[in-house]
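Breakdown of the fold
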Amino acid sequence: MRLNVNENTHPIPEAVATDIVTALAAAVLGVNRYPDREFTELRDSLAGYLGNSLTRDNIWAANGSNEVLQQILQAFGGPGRSVLGFPPTYSMHSIIAAGTGTRWIAGERDADYELSPETAVRWIETATPDLVFFCSPNNPTGTPLSLETIAAAYDATDGIVVVDEAYAEFAPEGVQTALSLLEGRERLIVSRTMSKAFAFAGARLGYLAADPAVADALRLVRLPYHLSALTQAAAIAALAHSTEMLRMVDDIKGQRDRLLEELPKLGYPVLPSWSNFVLFGGVADPHAVFEALLEQDVIIRDIGIPHHLRVTAGTRAETSAFLSALRTISRIES
Ligand SMILES: *Cc1c(COP(=O)(O)O)cnc(C)c1O
């Protein structure tokens, strides 16, 4: 079983799948024509889903949030410009920076991968980047980022501040995300994806919320008709069922909490997680544990942090299988 790339391991509910197929069947009859290049209905659906008084003018979308991030760097980064990030963080941030010719500046975090307003501001003042990339909750650590840090970083730069919120739906009930900071901050961008909470990784739909001027800037760099009619139809149909689509998120959070509780009992300290995965430490030889789990058909992720491994919270059965496989290995390890 694959617990290595933080996919949602739950399939989408069958009733929703049927609706998506119906929408796709209707859309396919029109694929002789180019799709709606403004994907207006989809932007309406996404704005409705996010709430926070956002409208379609605040929304932009592309084929996965990786493409959204690439378009952001095509528009606001590029040769002669720089982006500051705070490793360990989502590896695609620096890869997309390299691909767009944007200089990547690696900032540093506080103890336990925290990032205080003071540390973020100090890095911004020293490095004077054109863009700042945050990831909240952060991949691969799972740790959340405070709104105070984001707001302080915004005030410390006149560049673009991007918050990658790929895992926002896995946060505790009722907490505010960076969406609540958008009002009055026209250089702030909040990036989201349907890949994780919506179990839509294979459909490729990422999006952002920001000031309408940001979407206008991205209209200059996107390729014409970048979102296919089929992608638009599938995403609109899925968003119409967001309640059912997100029903498994609570299950996954339950399994994540189980990992947070059980791993320390096996001698592996964990970091707090607001995402659908857990980073655990205390691993004498991460590569050996990875290989031993693989032998039992469990794939997790060695992200290169010494003595740490990352595991995605799966279904109850998958999480149980991972924990019992790890139990057999722990005995060998110690
Ligand atoms: C998984 C992930 C994404 C998702 O990328 P898509 O292209 O939307 O599938 C984005 N950001 C982070 C931090 C992720 O972990």
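Residues numbered from 1 in each chain as written. Predicted model: local features only at pLDDT ≥ 70, side-chain atom pairs only at ≥ 80, totals over all residues. Heavy atoms only, no water.

Observations regarding the domain arrangement of the protein chain
As a reminder, the rule being used: Domain extents, as shown, originate in an automatic or database domain assignment. In what follows, a contact means two residues having at least one pair of non-hydrogen atoms within 4.5 Å. Reported buried area values correspond to the accessible surface (1.4 Å probe) lost by two parts on association, with both partners' losses combined. We define a salt bridge as a side-chain nitrogen of Lys or Arg found within 4 Å of a carboxyl oxygen belonging to Asp or Glu. Definition of a polar contact: a pair of N or O atoms within 3.5 Å, with one able to donate and the other able to accept a hydrogen when the atoms are protein atoms, and with sequence-neighbouring residues admitted only if both atoms are side-chain atoms. For this scheme, ten residues count as nonpolar: Ala, Val, Leu, Ile, Met, Phe, Trp, Tyr, Cys and Pro. Four count as charged, namely Asp, Glu, Lys and Arg, and the remainder, Gly too, count as polar.
Taken domain by domain, the protein chain holds domain 1 (14-241) and domain 2 (243-333). Its C-alpha centre places domain 1 at a distance of 27 Å from the equivalent point of domain 2. Counting residues at the interface gives 26 residues for domain 1 and 22 residues for domain 2. When domain 1 packs against domain 2, close to 2100 Å² is buried across both sides, 68% of that on carbon and sulfur atoms. Area buried by domain 1 at its contact with domain 2 is led by Pro-140, Phe-170 and His-241, which between them contribute 29% of it. The interface formed by domain 1 and domain 2 holds zero salt bridges in total. On the surface where domain 1 and domain 2 come into contact, there are seven residue pairs in polar contact (both at pLDDT 80 or more). Each residue belonging to the side of domain 1 that touches domain 2 can be placed in one class, and the counts come to 17 nonpolar, six polar and three charged.

Section: the sheet that holds strand S1 (residues 59-62)
Operational definition: Two strands form a pair only when DSSP identifies at least two bridges running between them. Helix and strand definitions here come from DSSP, where helices need a minimum of 4 consecutive H or I residues and strands a minimum of 2 consecutive E residues; each element is numbered from the N-terminal end. A fitted line through C-alpha atoms represents every axis, and for helices the fit uses only the stretch in contact; the resulting angles, taken between N-to-C directions, go from 0 to 180 degrees.
The sheet built from seven strands is open, its strands ordered S1-S7-S6-S5-S4-S2-S3 with mixed pairing. Each of the sheet's edge strands pairs with one partner strand only, and the pair in question is S1 and strand S3 (103-106). On average, adjacent strands in this sheet sit at an angle of 25° to one another, irrespective of strand direction. Inspection of the sheet shows strand S5 (residues 160-164) paired to strand S6 (residues 188-193) by four bridges, in the parallel sense. Along S6, the bridge assignment pairs Asp-164 with Ser-191. Across the face of the sheet, helix H3 (residues 65-76) comes into contact with S1, strand S2 (82-85), strand S4 (131-135), S5, S6 and strand S7 (206-209) while running at roughly 155° to S6. Sitting on the sheet, helix H7 (residues 212-219) touches S1, S6 and S7, and the angle it makes with S1 is about 35°.

Topic: the nonpolar core
Using the following cut-off: Residues grouped as a nonpolar core are buried Ala, Val, Leu, Ile, Met, Phe, Trp, Tyr and Cys residues, joined through side-chain atoms within 4.5 Å. Here's how the labels work: a residue is buried when its accessible area is under 20% of the maximum for its type, exposed when over 50%, partly exposed in between, all with a 1.4 Å probe on protein chains only.
Among the nonpolar cores identified, the biggest contains 67 residues, and Leu-42, Ile-72, Phe-76, Phe-134, Ile-189, Met-194 and Leu-205 are the most heavily contacted of them. Take this core: its biggest share by element is six residues, from helix H8 (residues 229-239). Filtering out sequence-adjacent residues up to four positions away, Leu-205 remains in contact with Leu-42, Leu-46, Ala-61, Ala-62, Asn-63, Gly-64, Thr-193, Met-194, Ser-195, Leu-227, Thr-231 and Ala-235. Counting residues in each nonpolar core, the second largest holds 29 residues, with Ala-166, Ile-252, Leu-259 and Val-278 among its members.

Section: H8
Where burial is concerned, most of H8 is hidden: nine out of the 11 residues are buried. Within the span of H8, buried status applies to Thr-231, Gln-232, Ala-233, Ala-234, Ala-235, Ile-236, Ala-237, Ala-238 and Leu-239. For H8, the secondary structure elements touched by its buried residues are helix H1 (14-28), helix H2 (40-50) and helix H9 (242-245).

Observations regarding unusual backbone geometry
Cis geometry marks the peptide bond from Ser-136 to Pro-137; its omega dihedral reads -10°. Position of Pro-137 relative to the elements: it lies in the loop between S4 and helix H6 (147-156). For the peptide bond that leads from Asn-139 to Pro-140, omega is 15°, which places it in the cis range. For Pro-140, the location among the structural elements is in the loop between S4 and H6. The phi torsion at Arg-204 lies on the positive side, around 65°, for a residue other than glycine. Phi at His-307 takes a positive value of approximately 65°, unusual for a residue other than glycine. Along the chain, His-307 turns up in the loop between helix H11 (286-295) and strand S9 (309-312).

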